[in-house]
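Residue strings, one per chain:
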Amino acid sequence: MTASLLIVQILNGLQLGILLFLVAAGLTLVFGVMDFINLAHGVQYMLGAYLAVTFVALTGSFVLGLVLALAAALAIGLALEFLVFRHLYERDHLDQVLATFGLILLLNQSVKMIWGAAPLSVPVPDFLSGNVALMDGILYPVYRFALIGAGLGVGALLWFIVEKTRTGMLLRAGASNAPMVSALGVDIRKLFMIVFAFGTMLAGFAGAMAAPILSVEPGMGDTVLILAFVVIVIGGIGSIRGAFVAALIVGLVDTLGRSFMNDLLRLFMSAPSARATGAALSSMLIYLLMAVVLFLRPEGLLPARGRT
Amino acid sequence: MTLKFSLSLGAGVLALGLSAAQAQEPLKIGVVSVLTGPAAALGQQVRDGFQLAVDQNGGKLGGVPVQITVIDDELKPDVAVGKVRGFVEGGKVDFVVGPVFSNILGAIAKPVLDSGAFLISPNAGPSTMAGKACHQNFFVTSYQNDQVHEVLGKYAQDQNYKKAYIIAPNYQAGKDSLAGFKRYFKGEVIDEVYVPLNALDFSAELAKIASAKPDVVFAFLPGGLGVNFVKQWSQAGLTGKVPFLSAFTVDESTLPAQQDAAVGMFGGMTWAPNMDNPQTKKFVAAYEAAYKIVPGSYAQQAYDAAQLIDSAVKAAGGTADKDKLRAAIKKADFTSLRGKFKFNTNGYPIQDFYLVKVAKRPDGKFQTEIAQKVFADYADPHAKDCALK
Amino acid sequence: MSAAATTAEVTSVAPPPERAKVLLPAILFLLLALAPLAVTLGMPAGWLALLTRAMIFAIAALSLDLILGVGGLVSFGHAAFIGIGAYVTGIMITEGRSEALVILPAILAACAVFGAITGAVCLRTRGVAFIMITLAFGQMVYFLAQALSAYGGDDGLTLYETSRFLGFDPFANRIAFFYTVLAALAGAYLLIRGLVASRFGRVLRAARENPTRVSVTGFDVTRVRLVAYVISGMLAGLSGFFLANHTEFVSPAFMSWQRSGELIFMAVLGGVGSLHGAIIGAIAYLIAEDALSHLTEHWRAIFGPLIVLFVLFTRGGIVGLLRKLGSRHG
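On a predicted model such as this, the values are computed, not experimentally measured, just so you know.

### Structural notes on the overall build of chain C
Moving on, step 1. From N to C terminus, chain C includes 14 helices and two strands.
Moving on, step 2. Rg of the C-alpha trace for chain C: 19 Å, near the compact-globule value of 20 Å for 330 residues, within the 12% margin.
Moving on, step 3. Oriented by its inertia axes, the alpha-carbon framework of chain C measures out at about 55 × 45 × 40 Å.
Moving on, step 4. Relative to all contacts within chain C whose residues are 6 or more apart in sequence, the contacts with residues 24 or more apart total 79%.

### Overview of the overall build of chain B
Moving on, step 1. When helices and strands are counted, chain B shows 14 helices and 14 strands.
Moving on, step 2. Taking the principal axes of the C-alpha coordinates as reference, chain B spans close to 80 × 45 × 35 Å.
Moving on, step 3. Buried residues in chain B amount to 61% of all 389 residues.

### Some words on the interface of chain C and chain A
Moving on, step 1. Listed as interface residues are 39 residues of chain C and, on the opposing side, 37 residues of chain A.
Moving on, step 2. Looking at the side of chain C that touches chain A, the elements with two or more residues in it are helix H1 (5-9), helix H6 (127-146), helix H11 (257-270) and helix H13 (300-313) of chain C.
Moving on, step 3. No other element matches H6(C), which puts 10 residues into the side of chain C that touches chain A.

### Some details on unusual backbone geometry
Moving on, step 1. Omega for the bond connecting Gly98(B) with Pro99(B) falls within 30 degrees of zero, at -5 degrees, which places this linkage in the cis form.
Moving on, step 2. Along the chain, the position of Pro99(B) falls in the loop between strand S4 (95-97) and helix H5 (102-114).
Moving on, step 3. Its identity as a non-glycine residue notwithstanding, Glu74(B) has a phi of 55 degrees, on the positive side.
Moving on, step 4. Within the fold, Glu74(B) resides in the loop between strand S3 (64-72) and helix H4 (77-89).
Moving on, step 5. In this structure Glu74(B) comes out as buried when scored by C-beta crowding, with 21 C-beta atoms within 10 Å.
Moving on, step 6. Positive phi outside glycine occurs at Leu166(C), with the angle close to 50 degrees.
Moving on, step 7. Mapped onto the elements, Leu166(C) comes out in the loop between strand S1 (157-158) and helix H7 (174-197).
Moving on, step 8. A tally of 7 C-beta atoms within 10 Å means that Leu166(C) is categorised as exposed.

### Thoughts on the confidence of the model for chain B
Residues and elements named next belong to chain B.
Moving on, step 1. Of all residues in chain B, 94% have pLDDT values of 70 or greater, and the mean over the chain is 89.
Moving on, step 2. Highest mean pLDDT in chain B belongs to strand S6 (residues 138-140) (97); lowest belongs to helix H1 (residues 2-16) (39).
Moving on, step 3. With pLDDT under 50 throughout, residues 1-23 is counted as low confidence; its partners more than four residues away or in other chains account for 11 contacts.

### Things to note about the nonpolar core
Moving on, step 1. Residues Val231(A) and Ala58(C) are the most contacted members of the largest nonpolar core, which totals 351 residues.
Moving on, step 2. Element by element, the count of residues in this core is highest for helix H3 (residues 46-70) of chain C, at 18 residues.
Moving on, step 3. Inspection of this core shows a minimum of three residues originating in each of domain 1 (18-143 + 276-351) and domain 2 (146-269) of chain B.
Moving on, step 4. Setting aside anything within four residues of it in sequence, one finds Ala58(C) in contact with Leu185(C), Ala278(C), Ile279(C), Ala282(C) and Ile283(C).

### A look at the packing of helix H2 (residues 41-59) of chain A against helix H8 (residues 188-210) of chain A
The geometry of a pair of packed helices is captured by two quantities: the angle between their axes and the separation between those axes.
All names here are of chain A.
Moving on, step 1. With their axes 7 Å apart at the nearest point, H2 and H8 run at an angle of 50 degrees to one another. Between H2 and H8, the angle falls in the class oblique. Regarding H2 and H8, the two cross each other, and that crossing is right-handed. In this structure, H2 contributes His41, Gln44, Tyr45, Met46, Leu47, Gly48, Ala49, Leu51 and Ala52 to the contact, and H8 contributes Thr200, Ala203, Gly204, Phe205, Ala206, Gly207, Ala208 and Ala210.
Moving on, step 2. In terms of residue class, the contact of H2 with H8 is built from 11 nonpolar, six polar and no charged.

### Description of the interface of chain A and chain B
Moving on, step 1. Between chain A and chain B, the residue contacts involve 34 residues of the former and 34 residues of the latter.
Moving on, step 2. Mapped by element, the contributors of at least two residues to the side of chain A that touches chain B are helix H1 (3-34), strand S2 (138-141), helix H10 (240-265) and helix H11 (271-296) of chain A.
Moving on, step 3. Considering every element that reaches the side of chain A that touches chain B, the biggest residue donor is H1(A), with seven residues.
Moving on, step 4. In terms of residue class, the side of chain A that touches chain B is built from 18 nonpolar, 12 polar and four charged.

### Some details on helix H9 (residues 220-235) of chain A
Moving on, step 1. Over its 16 residues, H9(A) extends 23 Å from the first C-alpha to the last, a length consistent with the 22 Å expected when each residue adds 1.5 Å.
Moving on, step 2. Gly236(A) sits one or two positions beyond H9(A) and adopts a positive phi of about 110 degrees.

### A closer look at the sheet that holds S4(B)
All names here are of chain B.
Moving on, step 1. Strand order across the open sheet formed by six strands is S2-S3-S1-S4-S5-S6, with mixed pairing between neighbours. A strand with exactly one partner marks an edge of an open sheet, and here the two such strands are strand S2 (60-61) and S6.
Moving on, step 2. With two bridges connecting them, S2 and S3 associate as antiparallel partners. Paired with leucine 61 across the bridge in S3 is valine 64.
Moving on, step 3. Each of strand S1 (27-33), S2, S3 and S4 is contacted by helix H3 (residues 40-56), which is oriented at about 155 degrees to S1, the strand it contacts most.
Moving on, step 4. Set on the sheet, H5 makes contact with S1, S4, strand S5 (118-121) and S6; between it and S5 the angle comes to about 155 degrees.

### A word on the domain arrangement of chain B
All names here are of chain B.
Moving on, step 1. Split into domains, chain B comes out as domain 1 (18-143 + 276-351) and domain 2 (146-269).
Moving on, step 2. Using C-alpha coordinates to define each centre, domain 1 is positioned 30 Å away from domain 2.
Moving on, step 3. If you look at the interface, domain 1 gives 14 residues, while domain 2 gives 11 residues.
Moving on, step 4. Looking at the side of domain 1 that touches domain 2, the elements with two or more residues in it are H3 and helix H13 (297-316).
Moving on, step 5. Per-element tally for the side of domain 1 that touches domain 2: the top contributor is H3, with three residues.
Moving on, step 6. Here the residues of the side of domain 1 that touches domain 2 sort into nine nonpolar, five polar and no charged.

### Observations regarding helix H9 (residues 203-212) of chain B
All names here are of chain B.
Moving on, step 1. Of all the 10 residues making up H9, eight are buried; the element is thus mostly covered by neighbouring parts of the structure.
Moving on, step 2. Those residues of H9 that sit buried are Ser203, Ala204, Glu205, Leu206, Ala207, Lys208, Ile209 and Ala210.
Moving on, step 3. Phi turns positive, to about 50 degrees, at lysine 213, one or two residues after H9.

### Regarding the environment of Lys331(B)
All names here are of chain B.
Moving on, step 1. Mapped onto the secondary structure, lysine 331 falls in helix H14 (residues 322-331).
Moving on, step 2. Classification of lysine 331 as partly exposed rests on a count of 13 C-beta atoms within 10 Å.
Moving on, step 3. With 12 residues separating them along the chain, lysine 331 and phenylalanine 343 place their C-alpha atoms 7.3 Å apart.

### Re the environment of Phe101(A)
Moving on, step 1. Secondary-structure assignment places Phe101(A) in helix H4 (residues 93-115).
Moving on, step 2. The spatial distance from the C-alpha of Phe101(A) to the C-alpha of Asn38(A) is 8.7 Å, given a sequence separation of 63 residues.
Moving on, step 3. Apart from residues lying up to four places away in sequence, Phe101(A) is in contact with Leu39(A), Gly261(C), Phe265(C) and Ile307(C).

### Considerations on the packing of H11(C) against helix H12 (residues 276-295) of chain C
Residues and elements named next belong to chain C.
Moving on, step 1. Where H11 contacts H12, the axes come no closer than 7 Å and their chain directions differ by 115 degrees. One way to sum up the angle between H11 and H12 is to call them roughly perpendicular. Taken as a pair, H11 and H12 cross one another with a handedness that is right-handed. Here Phe265, Met266, Ala267, Leu269 and Gly270 of H11 lie close against H12, whose contacting residues are Gly277, Ala278, Ile279, Ile280, Gly281, Ala282, Ala284 and Tyr285.
Moving on, step 2. Its residues assigned to classes, the contact of H11 with H12 shows 10 nonpolar, three polar and no charged.

### Here's the deal with the pairing of strand S8 (residues 188-195) of chain B
Consecutive side chains of a regular strand alternate in pointing toward one face of the sheet and then the other.
Moving on, step 1. Of the pairings in the sheet, the one linking strand S7 (residues 163-169) of chain B to S8(B) comprises seven bridges and is parallel in character. From the neighbouring strand, Ala164(B) faces S8(B), where its bridge partner is Val189(B).

### Structural notes on the confidence of the model for chain C
Caution applies to low-pLDDT parts of the model: their predicted coordinates are not meant to be read in detail.
Moving on, step 1. Across chain C, the average pLDDT comes to 87, with 93% of residues at 70 or higher.
Moving on, step 2. For this predicted complex, the interface confidence score (ipTM) comes to 0.84, while the overall pTM stands at 0.83.

Thresholds, definitions, all that
Residues numbered from 1 in each chain as written. Chains lettered and ligands numbered in written order. Predicted model: local features only at pLDDT ≥ 70, side-chain atom pairs only at ≥ 80, totals over all residues. Helix = DSSP H or I, 4+ residues; strand = E, 2+ residues; numbered from the N terminus. Rg over C-alpha atoms; globule rule 2.2 N^0.38 Å. Contact = placed C-beta atoms within 7 Å. Buried ≥ 20, exposed ≤ 12 C-beta atoms within 10 Å, placed from the backbone. pLDDT = per-residue confidence, 0-100. Core = buried A, V, L, I, M, F, W, Y, C linked by C-beta atoms within 7 Å. Domains from an automatic or database assignment. Axes fitted to C-alpha atoms, helices over the stretch in contact; angles between N-to-C directions. Parallel < 35°, antiparallel > 145°, perpendicular 65-115°, else oblique. Left-handed = near helix turned anticlockwise from the far one by under 90°. Nonpolar A, V, L, I, M, F, W, Y, C, P; charged D, E, K, R; others polar. Expected span 1.5 Å × (residues − 1). Pairing = 2+ DSSP bridges.

Following this line, the structure appears as structure tokens:
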């Protein structure tokens, strides 16, 4: 374990964090503004990845494929909003959980029927392939930097919309008191529809961006969904800033735990038992983190204003 | 339904005499396989490989019409037990073929074997059932799990590699895998890493590999894990710099997603789609025509399982005499796609193991190809703990 | 709209009229008691095993309904208790202690201790935070079981014998197994019903609607909730005991978060807060899953939309639906 390796691992942790933020951003937006628990967010992420596979292969261009995939994800999101979600806004959380669980079953199965069960992939676009030598022997893929850039871009855009625009003001107002905003003459259903569609598109974008580095397969959204929930709960539900900070923390804790837990434990115990304990502990680490954060601050690290 | 059946049975007796009528009673076979979630890619190969053999035989095995029930184990042990128990208790079952994963096998073995049916595993080959928990009606057409990992350990040792970095998921099969590798590899293991089963991003591990500069990397990262790892491996610029040995990480089920990133990587197996014998050529062509993908070991082992049943039922003249049937199964008198194939006393095969290498075919598809033989007539060491003779 | 609203928002079925409160559960248990007859009348033998399995999950869903439906606490880690029950059973049988009268107290003690410790931590939070912190503890137990190499780790542990009761072996016979589980289910139902009707239950229910008012009247809300949480966990542990014996196998998969989610779905499907709703929900869920999976490999593409339609067009789960039908006729 050297200082340079530590720096690379910190970078890796931040990079995983950015990926998690991409997934969590849409979830926390929908959850925060509409008080809607959307378990289907994970399968929408998966759809984004599958659509990217199809459209990139069809057009032969990553950028064009990405744009088409986003448009398609948006269209599917709007259709689902019209058919299912808008009838659930007024219902309690458990009904939302049950119905969106039904959607998970349907979409996971549909994806398998359409694209098959075998894992698929999207090639890294030529202009983003290649490596940058960070230090002796350690190369960092350019695409990873693109991913970090995309995450930061989405974060900045969301921050700008929520904090600086009129729509953002309505969103913040709607989050703390929907009936009041509605009484002021704002069409809250339309607002919700826009937020939901935007959230869906963010999920799809995250899936499409992850497709070149991850395996595109049925059920790929389920793991990510739980991680995204961990992130938004640690950060404070509805808070974009909170999701960003929490995603980075989760990414760092997970990566550093996996890299250095064994070495750390080896100071106290024999190598084999350090390995066994280390592996078990590093799997548990983010849940441990979440339990501690919630215990000390049930509202999360950076709760959104107007929600307590 | 029952009426119709007895009518046709009656007609059969009249027309062909008693023996032919007995042959009309279909062979009842359950195929237990995972058809849910990401692992379904493997499960479908098992189901399709078995079905292909039956179809090629005109819907019969050993001259008897076959009635196949496909059971999705969902990769959940308790779900699998529920469904399988319902199936074997629902009426006389002759064979259960499956499953893909060892943890499911551990769950369904008892209800299947208690019912008196033969259990033939086309993939899972845990050490427990090769040793102390072996059973006279349990046979494996794949291998004992450890052996595949040992192939790579032996090869790494033969190549005289000094420093190895080894990585597997944090579960029992992962631990067994790395133990199997180390059984033959005598050099230094500079790091032994266990990652979560749902790991997505391997940047941390890849950075460690790049900085530690091992002579060889051994990975057991099945399914989606392997896809993620191999893609990120090539993106991190490690391709060609460190030899990559693996088990169940680059195979026909994952290659459609790994593609060029996996070319040149090594695995261990008992068979590859380019194996040089006529039965393999025929099988691969038929499988690709029917299912549009290159068959992997999963399909091949299920195909062999069907051929095994075919040969045994034929030799025993039906399934009525279990002892006769068991003796016929033990003989393994069929033309395996692997060429050589025979059973050890514990119902596991004795066979050759090869180092296989990923290659791109002229038609643009990807497959593993045989690079060299690592073990000849290799039997697993657990057989000595098995009381069967 | 605050996160804390989640707990209060759980729509439980309104207290039903006295007649329905007795009639529906009575019909339910009568039907269950007669179910083995259906097998003698020609239903396939596997059906009994399926029903037994459904009743085992019904015990767990019922125990969840105590805290979820009555107490308004959505636990997303309830499967951990099933897992603890199953693993205590599996480990003790492997170590040669198959007597149920030894295993059961061990399970209840283990679940009580785990419930008391995690409950004390979890109950400091509300709403979504509670959901997620229970998930966190569930995941920790899951990974712990995965690390138990001595007992199979992720591969799980096969049980080569089942538990005995003072030398009797009710689990060797399908019908005896069925009635043992039915008796346990009925016992658990009566116990929880008694609890809910008692002063303790009234406080628990009132604390869901308005915790502040309850604490003003001098009750320690957190303590009442903790007791409910521990009792609920112990009953779920009991279902783990039966599950291990029924499957003759234990595995970390018994306590994955998906399984905890399924328990919530069972309770919601049946209709939360009515207790017998959880039983109906569990049985309906498992039977629907089994029936559809026989139809086609792609049964989830049917089951998923069915769930969505069910939520969109009914309120209060199956029990709510039955009551609506009943009141239309009455």
